[in-house]
Amino acid sequence: MSCDAEFAGTLISDACPVSCDSCPSEGPSGCDLPDMSLFILEDGSVLYNTSEAIGGFQFIVDGADLNGASGGAAGDAGFQISTNTETGMVLAFSLTGDTIPEGCGTLVELDIEGTPTGLSDLVISDASGNALDFSYVDPPLTDGCDLPNLNLYVTSSGSVLYNTSAAIGGFQFIVDG
């Protein structure tokens, strides 16, 4: 079958993205994260997902050298964004009481050297300075193209993701748990 053909109402290129060289180039987004969480991408983009407005935040960048920070939802909200390059700390808040509204996306763009391994010492607060219970997480797999070749992954919602460079003639597996 060709990649632009349909099988059972699904385009072959959607079902076999590696074989059809149609894996999406964009990476995960903040909306792929659980509520009240952060994640840092290799390029320094800090992703977030929140059900509560953010009045300010502080964290340490692990595994990479921090040179600066700007933009993202923090920049859009007019936050003062400060960094300490010696400790890897990022601090951002509004002098006018503005907040980052509930939602998801890119919180801030970091200028870094090296590959970050995470964020630590998270302090996220609402507009009144009350702590919000945030955590650092690895983003969930949402696309089989993120898997190594010839691999299968079952998500917590039961979706079966796969990546293969070979044609699939059939399959059988047992789900444990």
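Above: the structure in question.
All of these numbers come straight from a predicted model, not from anything done at the bench.

Calculation rules
- Residues numbered from 1 in each chain as written.
- Predicted model: local features only at pLDDT ≥ 70, side-chain atom pairs only at ≥ 80, totals over all residues.
- Heavy atoms only, no water.
- Helix = DSSP H or I, 4+ residues; strand = E, 2+ residues; numbered from the N terminus.
- Buried < 20%, exposed > 50% of the residue type's maximum accessible area, 1.4 Å probe, protein only.
- Contact = heavy atoms within 4.5 Å.
- Areas by Shrake-Rupley, 256 points an atom, 1.4 Å probe, with all protein chains shown as cover.
- Disulfide = S-S within 2.5 Å.
- Patch = residues over 30% accessible without salt bridge, like charges linked within 9 Å, V, L, I, M, F, W, Y side chains within 5 Å.
- Salt bridge = Lys/Arg side-chain N within 4 Å of Asp/Glu carboxyl O.
- Core = buried A, V, L, I, M, F, W, Y, C linked by side-chain atoms within 4.5 Å.

A. The overall build of the protein, seen in detail. Scanning the protein from terminus to terminus reveals two helices and 14 strands. The buried share of the protein, taken over its 177 residues, is 34%. Put simply, 59% of the contacts in the protein that link residues at least 6 apart link residues at least 24 apart. Counting every atom, the protein has about 10000 Å² of accessible surface; 48% of that belongs to carbon and sulfur.

B. Structural context of the state of the cysteines. Throughout the structure, instances matching the rule amount to one disulfide. Covalently, C31 is tied to C104 through a disulfide, its sulfur atoms 1.8 Å apart. Looking along the S-S bond of the C31-C104 disulfide, the torsion reads about 65°, which is the right-handed sense. With C31 in the loop between α1 (12-15) and β3 (37-40) and C104 in strand β9 (residues 103-113), the pair connects residues that are 73 residues apart, well separated along the chain. What makes C31 partly exposed here is its relative accessible area of 48%.

C. Molecular detail of a nonpolar patch on the surface. Residues L152, V154, V160, I168, F171, F173 and V175 make up a contiguous nonpolar surface patch of roughly 620 Å² in combined accessible area. Among the secondary structure elements, F171 is positioned in the segment after β14 (160-163).

D. How the structure looks around the nonpolar core. Among the nonpolar cores identified, the biggest contains 27 residues, and F57, F59, I100 and L110 are the most heavily contacted of them. In terms of residue count, the dominant contributor to this core is β9 (four residues). Contacts of L110, omitting those with residues within four sequence positions, involve I40, D43, G44, V46, F59, V61, L66, G68, A69 and V90. Counting residues in each nonpolar core, the second largest holds five residues, with L33, L41, L47 and V137 among its members.

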